[in-house]
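Listed below, chain by chain, are the residues.
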Amino acid sequence: MINRVDLAIIMPAAKQVNIERFWDHLNSAMEEFEINSPVRQAAFLAQIGHESGQLRYSEEIASGDAYEGRDDLGNLEVGDGRRFKGRGLIQIT
């Protein structure tokens, strides 16, 4: 479990509003997926911090056009690049 104060220390560029928005969800995910050791929690929060720009972005900044027509991603229909661009704190594409 991580508290709001520690999350703010770990991600100093995060706005308080985003800490409030995400901290409970982060704790729920850590509980659900047994991210319960200090090493696992550090790795998880480091990945979240990196991918989301310290909780600033929950959608990929790029338009998604670079993913258009990418068979390796399963983007077979016109518009799939934008439709399936990265979203979420880890920005799963």
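Up top is the structure these notes are about.
Enquirer: Got a sec to walk through the nonpolar core? Specific residues and values, please.
Expert: With 16 residues, the main nonpolar core has Leu7, Met11, Leu26, Phe44, Leu45, Ile48 and Leu55 as its most contacted residues. If one sorts the elements of this core by residue count, helix 2 (residues 16-32) sits on top with six residues. In this view, leucine 45 contacts Ile2, Leu7, Ile10, Met11 and Leu26; residues no more than four positions away in its chain are not counted.

Enquirer: Describe the environment of isoleucine 90, naming the residues involved and giving the relevant values.
Expert: Take isoleucine 90: it is sitting in the segment after helix 4 (80-83). Overall, the relative accessible area of 32% leaves isoleucine 90 in the partly exposed class. Between the alpha carbons of isoleucine 90 and asparagine 75 there is a distance of 19 Å; along the sequence they are 15 residues apart. Leaving out residues up to four positions away in the same chain, isoleucine 90 has contacts with Ile48 and Glu51.

Enquirer: I'd like to hear about the environment of valine 78, residue by residue, with values.
Expert: Its place among the elements puts valine 78 in the loop between helix 3 (38-52) and helix 4. Distance in space between the C-alpha atoms of valine 78 and glutamate 68 is 7.2 Å, their sequence separation being 10 residues. Dropping the residues within four chain positions of it, valine 78 is found in contact with Glu68 and Arg83.

Enquirer: Please give an account of the environment of alanine 62 that cites residues and values.
Expert: Secondary-structure assignment places alanine 62 in the loop between helix 3 and helix 4. Separated by 24 residues in the primary sequence, alanine 62 and glycine 86 place their C-alpha atoms 8.8 Å from one another.

Enquirer: I'd like a rundown of helix 3, residues and numbers included.
Expert: In this model helix 3 runs 21 Å from its N-terminal to its C-terminal C-alpha over 15 residues, within 8% of the 21 Å that 1.5 Å per residue would give. Taken together, the buried positions of helix 3 are Gln41, Phe44, Leu45, Ile48, Gly49 and Ser52. Seen end-on, helix 3 carries its buried residues on one side only, within an arc spanning 130°. Exposed residues on helix 3 whose side chains face more than 90 degrees from its buried face are Val39 and His50. As for helix 3, its buried residues are in contact with helix 1 (4-10) and helix 2. Positioned one or two residues after helix 3, glycine 53 has a phi angle of 60°, which is positive.

Cut-offs and rules
- Residues numbered from 1 in each chain as written.
- Predicted model: local features only at pLDDT ≥ 70, side-chain atom pairs only at ≥ 80, totals over all residues.
- Heavy atoms only, no water.
- Core = buried A, V, L, I, M, F, W, Y, C linked by side-chain atoms within 4.5 Å.
- Buried < 20%, exposed > 50% of the residue type's maximum accessible area, 1.4 Å probe, protein only.
- Helix = DSSP H or I, 4+ residues; strand = E, 2+ residues; numbered from the N terminus.
- Contact = heavy atoms within 4.5 Å.
- Expected span 1.5 Å × (residues − 1).
- Arc of directions from axis to C-beta.

By themselves, these observations are geometric and do not establish any function.
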